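Spelled out from the first residue to the last, the chains are:
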Amino acid sequence: MTHTFEPHTGLTAEQAREQLAIDGPNELDATHRLGLLRRLWGMLRQPMFALLVLAAVLYLVLGDLAEGVTLCVFVLAVLVLTFYQEGKSEAAIDALRQLSQPFAQVVRDGQRLKIPSREVVVGDWLLISEGDRIAADGWLIQADQMLVDESMLTGESVTVGKLGADFDAAAAAKPSIGGDDQPTVFAGTFVVRGHGTLRVTATGMRGQMGRIGATLNQIGDEVTPLQEQTAQLVKVLAFITLFLCGVMVFTLGLRDGAWVPALLSGIALAMAILPEEYPVVLALMPALGARRLAQEGVLTRRLNAIETLGAITVLCTDKTGTLTENRMTVSALAVGNAHQPTVLNLAQLSVKGKPDEVLPEAFHGLVEHAILASAERPFDPMEVAFHQLGQQFLQDTEHLHRDWRLVQTYALSPALRAMSHVWQAREGDVQTVSAKGAPEAVMGLCHMSPELQAQWAHAVNDMAAQGLRVLAVAQGVFEGHDWPASEHDFEFAWLGLVGLSDPLRAEIPQAVADAYSAGIQVIMITGDYPATARVIANQAGLRSGVTLTGDDIDAMSDEALSQTIRETRVCARISPHQKLRIVEALKRNGDVVAMTGDGVNDAPALRAAHVGVAMGLRGTDVAREAASLVLVDDNFASIVQGIRAGRRIYGNLQKSMAYIFAIHIPIACLALVPMLFALPPLLMPLHIALLELIIDPSCSIAFENEPADADVMQRPPRDRYAPLFGTRAVLGAFGQGLSVMVATGVTYVLALGLSPAHSRAMVFTTLVMSNIMLMWVNRTQAGQLLQGLSVRNDVSAWVMGCTLAGVLSCLYVPWFVEPLKFASLDAEQLLLALGVGMASVWGALACRWAMGQTLSAQRESSPPPSPQS
C-alpha cells in the first residue's frame, strides 16, 4: 500500500551550500595518489631508471664530475618526463571519473533538480526509482512497491522490500541493514523495483558504505591483460639481460683487468637491451585513448574494454533511443469494433478548430486513460507523448483530471507487460483504474475471448507494419481500499490501441554500413512487435535475415539458438533474460559480443557480453555499473565511432611497440659490438640516457596522437587471442632494426681514420636520424606507407623537429660536447651522417612492404568473414 505524505519543499539552496561546507562532498575517500617519495621509489624499482642512477653514481665515485653531473641532468630529465606521462594518465582517469559520476534527483526550494551525487547533503529529499543507485543513506518517507538490492552490504542476493514511514530520528541514527519492510536505505545499493522519496541521514564516509571501507570507484588503475603480459615479458627480458651483462662484465674484466669500465659497459648494454618503454606505453596510451573516446561520446568504465573494441564481431543494439531518436509522437489511434476498428491518423488532422472539435469524441476516453496510466510528471518519451496529446486536444474538456489523487500503482514486470494506476477523484468513493501496455497483456487483463484477440491482433499488425510502436489501453473501476494483489483481479474494459512513431536517427544508415564494412554483424533487439522491428531494421539498412521472437527463443534449446542466431538480424518481443541467452549463444559461436542495455534487468546481459554498453541518458545506474562503456547520447552511431577509436588506439599501440623493438636493436648492437672486438665504446650510459629522452616521447606522445588509418573500418575484426605484437610484427620490426644497424655500420666504416670522438658523433647522428625515419615508417600500416607524409600529426612533427634540434645542440654546444665525448662535425661529415640515416629508410620501407604483401596474401587466401563475424 502506498504511504501517503505531504509534499515537501526540501532544503533551500543556501541551506544545501552550508551543509555541504560542514559535511564535505558525498563521496568515499578516493584512492590517495602516491606521494613524491613513493613514486620515486617505484621508479627506482624499474630496471632502466635504476641502471641510470647506478651509472651516474659510478661516474661521480670515479671522479668524472662532468660525465656524472651530465648523467644526473639526464636522469632528472627522464624523471620529469616520466612524471609528466604519469600525470597525463592520472589526469585522463580523473577526467573519466568526473564524466561518469552518478547523479541524483533532489527536491530543493520546491523544485525537482538533477545534481551530482557528491553534492547531496544531509537533510536533502531524494527521489529514487527503479534502476537508481541510492546516493546516500536515508529514511524512506514514501515508498511504492519498492525492492532494493543490498547485496553490496549484506552479501545476500535476495532483494529486500522497503516501506515508507514517518521520520524517526532515533531509529534513523541506528539503522539496520537487511530485512524486509524497513524504511532505511543505504548508499551504493540499487532500487530494483518501485519508487519513493527519502530523507538523507548520512553522506560520504559517515554512511554504512564508508564505515566498512568499501569503494565504489569503478574506473581505477586496473591492470589490463596486455599490461600483465608485457610486464611479464619485460621481467623475463630483465633477467636475461642481467645474466648476459654479468657474463659480459666478467669477461671484459678478466680480459682487460679494468673492472670499473667493464661495469659501465655492462650497464650500457643492459640499458640498450631493455625495452623499458613498453609498460609506459601500455599504461599511458589506453588512458589517453579512453579520454579520446569520451570526446566521441563514449565513457570508458573499464580500460580493458579498449583492448576488446577492435575485436568485436557482433553488435547487439536496442531500437528505441539508440537507433531511433527516442522522440515519441502519437501517430494513430484505433477504437471501436474489433473486426473493423476505427483508425485515426493524427498526422492528417487539422488543428485550426477547437481541440474537442478536432479530435473525435470516440477517441477522448482512449487518450484520457493513456494519460492516467502514465506518470504525473512523465520522463518516459511515450508517456510524454500521451501528455502532449492531451494538452493539444483535451485541454478544455472534462478528460484531464488535475485534481485526482494517485492512490495505488501496479508496475510493469516481465510477467505482465502492462502497468496500472488507481486514481481517487475529489468526490466519491469509487476509484478509476487505468491500464496501458503491450496489446496481448492488456487483452489478458480484459479477459478477451480468443476470437476478439485475433481480430485486434490483426489491427495491431497493421499498425506495426507502418513502423509504429503499439500499446493498448483499458479502464476499470474499483470501490474500497482493499486493493487486489494483482491487476488481473480488476474488471477492465478495452478502450483501443495507440500507435507511436519514433523517427530513425539520420546518421544510423551510414553507421550501420560502417559496421558492416568493418566485418561487424548488427543485430537489433527490441520489445516491439516483429513487424515494427522489421520496418525500422529496413530503414536502418540492416541486412535481411531471420527474425526471432521472445517466444521462439524460449522454445529453443541452447544448441538450436546458437545455430539460429547465426542468421538472425532482428530479435523482437524480447525480455531482458532472453538478452542474456542471446549473448551466451553468440559467445558459444566464438563471437566477440557488444550488447547495449538500459534497464535493471539488462545488467546480467551487459556483464556477460565482452563489451557491455549502457545508455547515459535513459540508462539506469544499475546498467551503467554493469557496463564497460557508457554512451553519453544513447546513439548507435557513437558505438561505431567508439569502435573506430578503439581500433585506432590498438593500432597505435602496435605501431609504438614495433618502433620500440626496432630502435633497440641498433642501440644494443652499438653497445655490444665494440665490447666484443675490443674497440673504443660507441655508446656509453650517457648516450643511452639521451636516447631514452628521444624514444620515450616518440613511442608514447607522438604515436598516441596518430590519426586512424584510412582503412581502419574496412578491416575485419582482429583475433581477440592474437598477441598485440605477434611473430610477423616481430620479424618486420627486427628487419627495420637491422636496416638501422647497417646504416650505423656504414657510417662507422666511413668514419674510419677519424678520431673516436668524431666517429662516435657521426654514428650517433646517423642513429638519431634513422630513429626519425623509423617513426615515419611506423606511423602507417604496411601497404600504406606514402600516407605517412600526407597525414598530419603536429605532435609527431614537433617530436621529430625537437629531436633533430637536440642532436645539433649535442654536436655544437660545448656544454654537451665534452661530457658526451663528441667532436663537432664539419658540414660534409654532418651531411654524410644525416644522409646515411635517411637512407636507412629504404631498408625499413622494404620490411614494411614485405609485411604488407604477406598480410594481403593472407587476406586473399583466407575465406571471407562469416555473416556474424
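Rules of the game
Residues numbered from 1 in each chain as written. Predicted model: local features only at pLDDT ≥ 70, side-chain atom pairs only at ≥ 80, totals over all residues. Heavy atoms only, no water. Helix = DSSP H or I, 4+ residues; strand = E, 2+ residues; numbered from the N terminus. Buried < 20%, exposed > 50% of the residue type's maximum accessible area, 1.4 Å probe, protein only. Contact = heavy atoms within 4.5 Å. Phe/Tyr/Trp six-rings, centres within 6.5 Å; stacked < 30°, edge-to-face > 60°. Lys NZ or Arg CZ within 6 Å of the ring centre and 35° of its normal. Pairing = 2+ DSSP bridges. Axes fitted to C-alpha atoms, helices over the stretch in contact; angles between N-to-C directions. Core = buried A, V, L, I, M, F, W, Y, C linked by side-chain atoms within 4.5 Å. pLDDT = per-residue confidence, 0-100. Expected span 1.5 Å × (residues − 1). Polar contact = N/O pair within 3.5 Å; in protein donor to acceptor, adjacent residues only side chain to side chain. Parallel < 35°, antiparallel > 145°, perpendicular 65-115°, else oblique. Left-handed = near helix turned anticlockwise from the far one by under 90°. Nonpolar A, V, L, I, M, F, W, Y, C, P; charged D, E, K, R; others polar. Patch = residues over 30% accessible without salt bridge, like charges linked within 9 Å, V, L, I, M, F, W, Y side chains within 5 Å. Areas by Shrake-Rupley, 256 points an atom, 1.4 Å probe, with all protein chains shown as cover. Salt bridge = Lys/Arg side-chain N within 4 Å of Asp/Glu carboxyl O.

## Quick word on the overall build of the protein chain
Okay, so step 1: Along its length, the protein chain carries 31 helices and 22 strands.
Okay, so step 2: In the protein chain, which comprises 869 residues, the share counted as buried stands at 54%.
Okay, so step 3: Restricting to contacts in the protein chain with at least 6 residues of sequence separation, those with at least 24 account for 73%.

## Brief notes about the packing of aromatic side chains
Okay, so step 1: Tallying each qualifying case throughout the model produces nine aromatic pairs.
Okay, so step 2: Taking 6.3 Å as the distance between ring centres and 55° as the angle between the ring planes, the aromatic pair formed by Phe250 and Trp259 counts as tilted.
Okay, so step 3: In this structure an aromatic cluster arises from ring pairing among Tyr410, Phe478, Phe490 and Phe492.
Okay, so step 4: Sitting above the plane of the Phe103 ring, Lys114 keeps its charged end 5.4 Å from the centroid.

## Observations concerning the sheet that holds strand S18 (residues 546–549)
Okay, so step 1: Spatially, S8-S22-S21-S20-S9-S17-S19-S18 is the arrangement adopted by the eight strands of the open sheet, whose pairing is mixed. The open sheet terminates on both sides in strands that have one partner only, identified here as strand S8 (298–300) and S18. Recorded for the sheet is a direction-independent mean angle of 20° between the axes of neighbouring strands.
Okay, so step 2: One ladder, built from three bridges, connects S8 with strand S22 (residues 629–631); its direction is antiparallel. Bridge pairing in S22 links Val298 to Leu631.

## Digging into the nonpolar core
Okay, so step 1: Counting residues in hydrophobic clusters, the biggest one holds 71 residues, and the most contacted among them are Ile667, Leu683, Leu691, Leu767 and Phe822.
Okay, so step 2: With residues near it in sequence (within four places) discarded, Leu683 still touches Ala268, Ile667, Leu670, Ile688, Leu691, Phe764 and Leu767.
Okay, so step 3: Formed by 44 residues, the second largest nonpolar core is a distinct cluster that contains Ala305, Ile306, Val570 and Val613.

## With respect to the sheet that holds strand S12 (residues 405–410)
Okay, so step 1: The strand order across the open sheet built from seven strands is S11-S10-S16-S15-S14-S13-S12, with neighbouring strands paired in antiparallel fashion. Of all the strands in the sheet, just strand S11 (342–345) and S12 have a single pairing partner and so form its edges. Within this sheet the neighbouring strands show an average axis-to-axis angle of 25°, counted without direction.
Okay, so step 2: Of the strand pairs in this sheet, S12 and strand S13 (residues 418–424) are connected by five bridges, and their pairing is antiparallel. When the bridges of S13 are listed, Arg405 appears paired with Gln424.

## Here we look at the pairing of strand S14 (residues 430–437)
Okay, so step 1: Most of S14 is tucked away, with seven of its eight residues classed as buried.
Okay, so step 2: Pairing geometry for S13 and S14, over seven bridges, is antiparallel. Counterpart to His421 in the pairing with S14 is Ser434.
Okay, so step 3: The loop that links S13 with its antiparallel partner S14 comprises five residues; one of these, Gly428, has a positive phi angle of about 95°.
Okay, so step 4: Bridge count for S14 against strand S15 (residues 469–479) is eight bridges, and the pairing is antiparallel.

## A few points about the confidence of the model for the protein chain
Okay, so step 1: The share of residues in the protein chain with pLDDT of 70 or more is 81%, and the mean pLDDT across the chain is 81.
Okay, so step 2: Low pLDDT, under 50, characterises residues 350–356; the stretch is placed with 11 contacts to residues that sit more than four places away or in other chains.

## Things to note about the pairing of strand S20 (residues 593–597)
Okay, so step 1: Within S20, five of the five residues are buried, leaving the element largely enclosed by the surrounding structure.
Okay, so step 2: With burial as the criterion, each face of S20 is covered, one bearing Val593, Met595 and Gly597 and the other bearing Ala594 and Thr596.
Okay, so step 3: In terms of strand pairing, strand S9 (residues 314–318) meets S20 through three bridges, oriented parallel. Counted as the bridge partner of Val314 is Val593 from S20.

## Some points on helix H24 (residues 636–676)
Okay, so step 1: A rise of 1.5 Å per residue sets the reference length of H24, with its 41 residues, at 60 Å; its end C-alpha atoms lie 60 Å apart and thus fit the reference within 8%.
Okay, so step 2: Counting buried positions along H24 yields 33 of 41 residues, so the element is predominantly enclosed.
Okay, so step 3: The N-capping residue of H24, defined by a side-chain oxygen 3.0 Å from the backbone nitrogen of Ala637, is Asn635.
Okay, so step 4: Within two residues after H24, Ala678 carries a phi angle of roughly 55°, on the positive side.

## Describing unusual backbone geometry
Okay, so step 1: Positive phi values are uncommon outside glycine, yet Asp109 reaches one of about 55°.
Okay, so step 2: Within the element layout of this structure, Asp109 appears in the loop between strand S1 (103–108) and strand S2 (111–116).
Okay, so step 3: Exposure remark for Asp109: the relative accessible area of 45% places this residue in the partly exposed category.
Okay, so step 4: One non-glycine residue with positive phi stands out, namely Asp634, at about 60°.
Okay, so step 5: Note on placement: Asp634 falls in the loop between S22 and H24.

## Considerations on the packing of helix H26 (residues 727–750) against helix H27 (residues 756–777)
Okay, so step 1: Taken N-terminus to C-terminus, the directions of H26 and H27 make an angle of 155°; their axes are 9 Å apart at the nearest point. Taken together, the axes of H26 and H27 lie roughly antiparallel to each other. Crossing angle aside, the handedness with which H26 passes H27 is right-handed. Between H26 and H27, the contacting residues are Gln736, Val740, Ala743, Thr744, Thr747 and Tyr748 on the first element and Met762, Val763, Thr766, Leu767, Ser770, Leu774 and Val777 on the second.
Okay, so step 2: When the residues that make up the contact of H26 with H27 are grouped by side-chain class, the tally is eight nonpolar, five polar and no charged.

## Notes on the packing of H24 against H26
Okay, so step 1: Where H24 meets H26, the axes come as close as 8 Å, and the angle between the chain directions of the two elements is 40°. When the axes of H24 and H26 are compared, the pair comes out oblique. Between H24 and H26 lies a crossing of right-handed hand. For the pair H24 and H26, contact is made by Ala658, Phe661, Ala662, Ile665, Pro666, Cys669 and Leu670 and by Val730, Ala733, Phe734, Gln736, Gly737, Leu738, Val740, Met741 and Thr744, respectively.

## Here's the deal with the environment of Ala678
Okay, so step 1: Within the secondary structure, Ala678 is located in the loop between H24 and helix H25 (685–704).
Okay, so step 2: Ala678 sits 422 residues away from Asp256 along the chain, and the two C-alpha atoms are 9.1 Å apart.

## Here we look at a nonpolar patch on the surface
Okay, so step 1: A cluster of nonpolar side chains, namely Val236, Ile240, Phe243, Leu244 and Val247, defines an oily patch on the protein surface of about 440 Å² accessible area.
Okay, so step 2: Here Val236 falls in the partly exposed class, since its relative accessible area comes to 37%.

## Digging into the environment of Ser486
Okay, so step 1: By the secondary structure assignment, Ser486 is in the loop between S15 and strand S16 (492–501).
Okay, so step 2: In this structure, the C-alpha to C-alpha distance between Ser486 and Tyr410, residues 76 residues apart in sequence, is 7.9 Å.

## Quick word on the side chain of Thr320
Okay, so step 1: Here Thr320 is to be found in the loop between S9 and strand S10 (329–335).
Okay, so step 2: Here the side chain of Thr320 touches Lys319 through a polar contact of 3.3 Å, side chain to side chain.

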